[in-house]
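Examining the three-dimensional arrangement
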Amino acid sequence: MNKKLFALLSLLAIASLALAACGAPAATEAPAEEAPTASQVEVFSWWTGGGEAAGLDAMQVVFKAANPDIEFINAAVAGGAGTNARAVLATRLQAGDPPDSWQGHAGQELIGTYVAASQIEPLNDLYESEGWLEVMPETLIPLISQDGNIYSVPVNIHRANVLWYNPGLLEANGVEVPTTMDEWFAAMDTLKAAGVQPLALGEQWTKMHLLETVLLGSLGPDAYNGLWTGETDWSSPEVTAALENYAKALTYANEDSASLSWQDAAQLVVNGDAAFNVMGDWAEGYFRELGKTPNTDYGWAATPGSGGVFQFLSDSFVLAVGAPHRDAAIAWLKTAGSKEGQEAFNPVKGSICARTDCDKSLFGEYLQSAMEDWATNTVVGSLTHGVVANDSWKTEIDTALGLFIADGNIETFQSALVAACASSGPCK
Ligand code: GAL
């Protein structure tokens, strides 16, 4: 394993223990009795459209072929990055009404939230019987484990730090694909002067997504990792400079961003209505679903300043404590972890397999390049998509971000980020 990543993972594992010890919500009580049959399984996610539902459908076909007698209940709640779905899930878990299995991000979202609250079951037996320890990347196991227990089945690896661009618009305006923040700002100045919308942005979580990539691109991977382990001082001038870059990037965005979904914003680029969009590579699944052609309708690069770094996240599925259809849920998890399931799901979803043995030729040009980068780049984790911060820390950052979007005050924003790390993160 990459040494830097290993160090980060070790620190995250320690941090997760600390975070689990303080402030963990109370465990949800398991319903007293299980349903008598395993005739259905309720799977909860936020994959309802734009490339995402198609991926889930493809995996569901594999599940149905293996389990013709089990009805698949697709309990997806719309809203990118799970902003709505996770609120609904939290309410259900509080009420002792868990879906059998749900989508959770590997990392702090899983360990600091569901494991800390004893809401999901360890899956070590399944890992053993399915031989998954041999085929899942060792990188991922610490992010889904606590005290020797493995808690979820990763279905994919997504990349967060992708700069999508419209090749025709860049070419027509003599703009090269930027590799640094300054090149990016210069490119966006040129495009703006030519009357082209430089940056397409959507609702608030997409702004947090942009923020994490600008922090990475401005600070570099070591200092970015340090933000989540307590080694990088959130009050440092380097973080101030990164936030200034972020504030500047926002000035190039469309004014109606608050009312756009990630799909709306990404679509502006492939339709030629905006030059750049920063979004995870689920956008590629969407572009394909729209019938767009790689390198013609859209191009891609690492977000400015983050070349050679893969900012990752991983979707995984869990087994609820008190799952009403436990056996069927286990059957579902077997499909989610299988080669066949992952090979059906990922090429459509716009992600690469979590498994290391998928057939590369099933994937398009972008995803093949992502596989190469995943294998060779420095790997860091995503904030918005659950890897580096648990839910309470992420919520505090999100609140601070909402205020910053409204008032534009960098000093107040930075102070709130410092306070968030002290109250919910590892900064003491
Ligand atoms: C992420 C999730 C991705 C994709 C994205 C947009 O949090 O990991 O699979 O669904 O949200 O909805």
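In what follows, the accompanying structure is described.

Calculation rules
- Once a new chain begins, its residue numbering starts again from 1 and follows that chain's sequence as written.
- With the structure being a predicted model, the display of local features is reserved for residues of pLDDT at least 70 and the display and counting of side-chain atom pairs for 80 or more, all residues being used for whole-chain, interface and lining totals.
- Neither water nor hydrogens contribute to the side-chain values; these are computed over all heavy atoms in the structure.
- By the criteria applied, helices consist of DSSP H or I runs no shorter than four residues and strands consist of E runs no shorter than two, each listed in order from the N terminus.
- For this measure, only C-alpha atoms enter the radius of gyration; the expected value for a globule follows 2.2 Å times N^0.38, where N is the number of residues.
- Only protein chains enter the accessibility calculation, which uses a 1.4 Å probe. A residue is then buried if its area is under 20% of the maximum for its type, exposed if over 50%, and partly exposed in between.
- Note on contacts: a residue pair is in contact if any heavy atoms of the two residues lie within 4.5 Å.
- Areas reported as accessible are Shrake-Rupley estimates using a 1.4 Å probe. Residue values count occlusion only from the protein chains shown.
- Charge assignment: positive for Lys and Arg, negative for Asp and Glu; neither His nor the chain ends contribute.
- A charged residue contributes its charge at one atom only: NZ of Lys, CZ of Arg, CG of Asp or CD of Glu.
- Within this scheme a cavity is a closed region of a 1 Å grid, computed over the protein atoms alone, that accommodates a 1.4 Å probe without allowing it to escape, whereas a pocket is open but has protein on both sides within 12 Å along at least five of seven lines; lining residues each have an atom within 4 Å of a point.
- Grid points are joined across faces, edges and corners, and a volume is the space filled by probe spheres set on the points.
- Polar here means any residue other than Ala, Val, Leu, Ile, Met, Phe, Trp, Tyr, Cys and Pro, which are nonpolar, and Asp, Glu, Lys and Arg, which are charged; Gly is therefore polar.
- Start and end points for every domain follow an automatic or database-based domain assignment.
- Multiplying 1.5 Å by the helix residue count minus one yields the expected span of that helix.
- The criterion for strand pairing is that DSSP finds at least two bridges linking the strands in question.

A separate point is the overall build of the protein. Broken down by element type, the protein carries 18 helices and 15 strands. Over its C-alpha trace the protein gives a radius of gyration of 21 Å, about what one expects of a compact globule, namely 22 Å for 428 residues. Here the C-alpha coordinates of the protein stretch approximately 65 × 50 × 40 Å along the principal axes. Across the 428 residues of the protein, 58% fall into the buried class. For the protein, contacts bridging at least 24 residues in sequence account for 79% of all contacts bridging at least 6. For the protein, the accessible surface area stands at approximately 15900 Å², while carbon and sulfur atoms represent 51% of it. Between the mean site of the 19 positive side-chain charges and the mean site of the 52 negative ones, the protein shows a separation of 2 Å.

This next bit is on empty space enclosed by the protein. Within the structure shown, the criterion is met by three cavities of 30 Å³ or more. As for the largest cavity, its lining consists of 14 residues, of which W46, E52, A81, W282 and H385 are closest to the centre. For the lining of the largest cavity, the residue count by class is seven nonpolar, four polar and three charged. Split by domain, the residues of the lining of the largest cavity number at least three in each of domain 1 (38-158 + 313-371) and domain 2 (159-312 + 385-424).

The next subject is helix α11 (residues 237-250). Under the 1.5 Å per step criterion, the end-to-end length of α11 is 20 Å for 14 residues, consistent within 8% with the ideal 20 Å. As for α11, its buried residues are in contact with α8 (181-193), β9 (199-200), α9 (204-219), α10 (221-229), α17 (391-407) and α18 (410-424).

So, about the sheet that holds strand β10 (residues 276-278). On the basis of which strands lie adjacent, the open sheet formed by four strands has the order β9-β10-β8-β11 and mixed pairing. Pairing within the sheet leaves two strands with one partner each, and these edge strands are β9 and β11 (299-302). Both strand β8 (residues 162-165) and β10 contribute to a ladder of three bridges, which runs antiparallel. Residue Y165 lies in a different strand from β10, and its bridge partner there is F276.

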